[in-house]
Amino acid sequence: MERSKKKVLLFYCVEAEDLARKVAAQSNLIQLQSINWRNFADGFPNLFIKNAHDIRGQHVAFLGSFSSPSVIFEQLSVIYALPMLFCASFSVVLPFFPTGSFERIEEEGDVATAFTLARMLSNTPISRGGPTSLVIYDIHALQERFYFGDSILPVFESGIPLLKERLQQLPESDKIVVAFPDDGAWKRFHKLLDHFPMVICNKVREGDKRIVRIKEGNPAGCHVVIVDDLVQSGGTLIECQKVLAAQGAAKVSAYVTHGVFPKKSWERFVHKNDNGKAFAHFWISDSCPLTVEAITGKAPFEVLSLARSISDALQI
């Protein structure tokens, strides 16, 4: 017997408005709600949750975007407030967990900020329905689930199904090889892509330089798609592309769930007359709204929206 689906009241931060509207368009059971995001004269948040009485006994969710430290405080303030308004259950959707790659201590004195942010989210008050559900996409390391306390339930989803669906639409779908820039990416994603031939790259040290080499697999004559969880400067992707092309790849594309691209580093991938077209396609999700706004309409970028997946996750 199929369980009935629940109506969800979805709040969202300013950056995530476009994604929130796409999520709501997936189901008439998702209703968008409003928050006044204002600031006092001293810069601190002056926030107001509209129609607070109406959320009593309702299933409530918040779609966040922790794009910079400056917006985390105001969003945490709302995340802490909503479950205290007597909602039946509470979910937080944080598509990108921004400190996920800072999860290890390699030298005494290192601060694992992934643990810090996990602890902050773990202090979310329990709603009438129990612990908060926290939906995150392609967190950098799966073991980070153990950084969260018992008052929050992390739900780890992936954008890889979006990539697989898109690859099936390509005319040369039978000539696709998936490449990973390092062993970490292979460990993270290979089970989700195991029906594709694979290439694994790694970095080896030659003197003072770290050189990208192909460790396993053969890219010759194929459309090779480099897969990773996130991109920052893009330097590793560019070096991988050069190696794959030199080894006979017919063309090279890339997919990352989180296009972080600090300091407009996406510009080095844009198709221009003077830099050729090293990447045929560059797919990202809409987990980083500011990047989506910046790259829209610029080849080779294409956004694969998480909206349908988020809509489904809100029914968990």
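Residues numbered from 1 in each chain as written. Predicted model: local features only at pLDDT ≥ 70, side-chain atom pairs only at ≥ 80, totals over all residues. Heavy atoms only, no water.

Under an unreviewed UniProt entry, the name given to the chain is ribose-phosphate diphosphokinase, and the source organism is Salvia divinorum. The record held by UniProt for the chain lists under Sequence similarities (unreviewed entry) the comment "Belongs to the ribose-phosphate pyrophosphokinase family." According to the UniProt record, the Catalytic activity (unreviewed entry) comment for the chain reads "D-ribose 5-phosphate + ATP = 5-phospho-alpha-D-ribose 1-diphosphate + AMP + H(+)". (UniProt positions renumbered as here; feature names shortened; annotations may be inferred.)

*Asks:* Explain the pairing of strand S13 (residues 251-259) here, please?
*Replies:* Two faces belong to every sheet, and in a regular strand the side chains alternate between them. Most of S13 sits inside the fold, with eight of its nine residues counted as buried. With helix H6 (residues 235-246) bridging strand S12 (residues 223-231) and the parallel S13, this β-α-β connection has right-handed handedness. Across three bridges, the pairing between S13 and strand S14 (residues 282-285) is parallel. The partner of Ala 254 across the bridge, within S14, is Phe 282. (Buried < 20%, exposed > 50% of the residue type's maximum accessible area, 1.4 Å probe, protein only. Helix = DSSP H or I, 4+ residues; strand = E, 2+ residues; numbered from the N terminus. Right-handed = clockwise from strand over helix to strand, strands pointing away. Pairing = 2+ DSSP bridges.)

*Asks:* I keep staring at the pairing of strand S4 (residues 45-49) and nothing clicks. Help me out?
*Replies:* Here strand S3 (residues 35-39) runs beside S4; their pairing, made up of five bridges, is antiparallel. What sits directly across from Asn 39, in S4, is Pro 45. Following S3, the chain reverses through five residues before pairing antiparallel with S4; Gly 43 in that reversal takes a positive phi of roughly 95 degrees.

*Asks:* Can you walk me through the sheet that holds strand S7 (residues 132-137) in this structure?
*Replies:* Strand pairs in the sheet, formed through backbone hydrogen bonds, run parallel or antiparallel to each other. With respect to topology, six strands assemble into an open sheet ordered S2-S1-S5-S6-S7-S8, the strand pairing being parallel. Two strands close off the open sheet at either side, each with one partner strand: strand S2 (30-32) and strand S8 (152-157). Taking the axes of each pair of neighbouring strands and ignoring which way they run, one obtains an average angle of 25 degrees across the sheet. As paired elements, strand S5 (residues 59-63) and strand S6 (residues 89-93) share five bridges and run parallel to each other. Bridge assignment links His 59 to a residue of S6, and that residue is Ser 89. (Axes fitted to C-alpha atoms, helices over the stretch in contact; angles between N-to-C directions.)

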